[in-house]
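If you want the building blocks of each chain, they are given just below.
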Amino acid sequence: MTPKPDKIKGLATYPWLATVAMTLLLTGCLGGSIGQQIVQSILLQGADKATASAMDAHERNQIALAKKNAKPDPYTIAFLNAGFEPVTAQIEPLPEALPEEEKDLPMMQETKLVPVEIWSLLAGEEKQNVLEAARLRGSTEIPPKNEWRQWQIATGASNQSNQPITFLIPPEMGKMRSGAKAMVELSRSNELSVARYSLN
């Protein structure tokens, strides 16, 4: 028996009737459990789509509201309004002659290392007097006063000239004795010479 055209038209007009009819057919033909699973799957897919679209709409509304209520960022506005002025190189001619004060500057002196044989070591009051005199002259080579006991002061001469040289011996070189040899850096004015390393 074929259904009448007006009945088919009614099913198309009301889609929920079609869903109910399909459910009844499936439960009758395929059994209750399979039909229920198919119907549940269809209903869950529809619910998922409806939930996703509702969440998207809510998120769009929140973003639009946030943009509408957002205050302008002063740093962004300053950056967008900032401009860069063109930079032009300024070429200045070189001075033709050095100023007088620069001409009078002393030239750097090279340090001179010479081998020296130690004649004698100063001790006691004689050592204190040499260190104190160097301190009063503004020598930068002498150690702090509380370290004077650790340093030695020796006199000797180099093979190049027999002029006597008084020099400091740092504590890291160890105890030196008469007859020992050391490489000494000759001093500039107002400075004591300093032994840099032992030659023994």
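Residues numbered from 1 in each chain as written. Predicted model: local features only at pLDDT ≥ 70, side-chain atom pairs only at ≥ 80, totals over all residues. Heavy atoms only, no water.

Undergrad: What am I meant to see in the sheet that holds strand S5 (residues 193–198) here?
TA: Backbone-to-backbone hydrogen bonds pair the strands of a sheet. The strands run either parallel or antiparallel. Strand order in the closed barrel formed by 5 strands is S1-S2-S3-S5-S4, with mixed pairing between adjacent strands. Taking the axes of each pair of neighbouring strands and ignoring which way they run, one obtains an average angle of 55° across the sheet. Two strands pair when backbone bridges link them, and strand S3 (residues 165–169) and S5 are joined in this way by 2 bridges, in the parallel orientation. Each bridged residue has a counterpart across the sheet, and for Phe167 the counterpart in S5 is Ser193. (Pairing = 2+ DSSP bridges. Helix = DSSP H or I, 4+ residues; strand = E, 2+ residues; numbered from the N terminus. Axes fitted to C-alpha atoms, helices over the stretch in contact; angles between N-to-C directions.)

Undergrad: I'm lost on the environment of Glu191 in this one. Help?
TA: One can find Glu191 in the loop between strand S4 (181–185) and S5. Between the C-alpha atom of Glu191 and that of Ile142, which follows or precedes it by 49 residues, the distance is 8.4 Å. Apart from the residues lying within four places of it in its own chain, the contact partners of Glu191 are Gly138, Ser139, Thr140 and Glu141. (Contact = heavy atoms within 4.5 Å.)

Undergrad: Looking at this structure, I do not really get the nonpolar core. What am I missing?
TA: Nonpolar side chains in soluble globular proteins tend to be buried together. Among the nonpolar cores identified, the biggest contains 13 residues, and Ile118, Phe167, Ile169, Met176 and Ala195 are the most heavily contacted of them. At the level of elements, strand S1 (113–122), S3 and S4 are the ones that each hand at least two residues to this core. Apart from residues lying up to four places away in sequence, Phe167 is in contact with Val116, Ile118, Gln152, Ile153, Ala154, Thr155, Gly156, Val184, Ser193, Val194 and Ala195. The next biggest cluster of nonpolar side chains, apart from the first, holds 10 residues, and it includes Ala134, Ile142, Trp148 and Ile153. (Core = buried A, V, L, I, M, F, W, Y, C linked by side-chain atoms within 4.5 Å. Buried < 20%, exposed > 50% of the residue type's maximum accessible area, 1.4 Å probe, protein only.)

Undergrad: What exactly am I supposed to notice about helix H6 (residues 124–136) here?
TA: Think of an α-helix as 3.6 residues a turn; residues three or four steps apart then line up on the same face. For H6, spanning 13 residues, the distance from its first C-alpha to its last is 19 Å, which sits close to the expected 18 Å at 1.5 Å a residue. Buried residues of H6: Lys127, Leu131 and Ala134, and no others. One side of H6 holds all its buried residues, which, seen down the axis, span an arc of 60°. H6 presents Glu125 and Leu136 as exposed residues on the side facing more than 90 degrees away from its buried surface. Trailing H6 by a residue or two, Gly138 shows a phi angle of about 85°, which is positive. (Expected span 1.5 Å × (residues − 1). Arc of directions from axis to C-beta.)

From the geometry alone we can't say anything about function, so treat these as descriptive.
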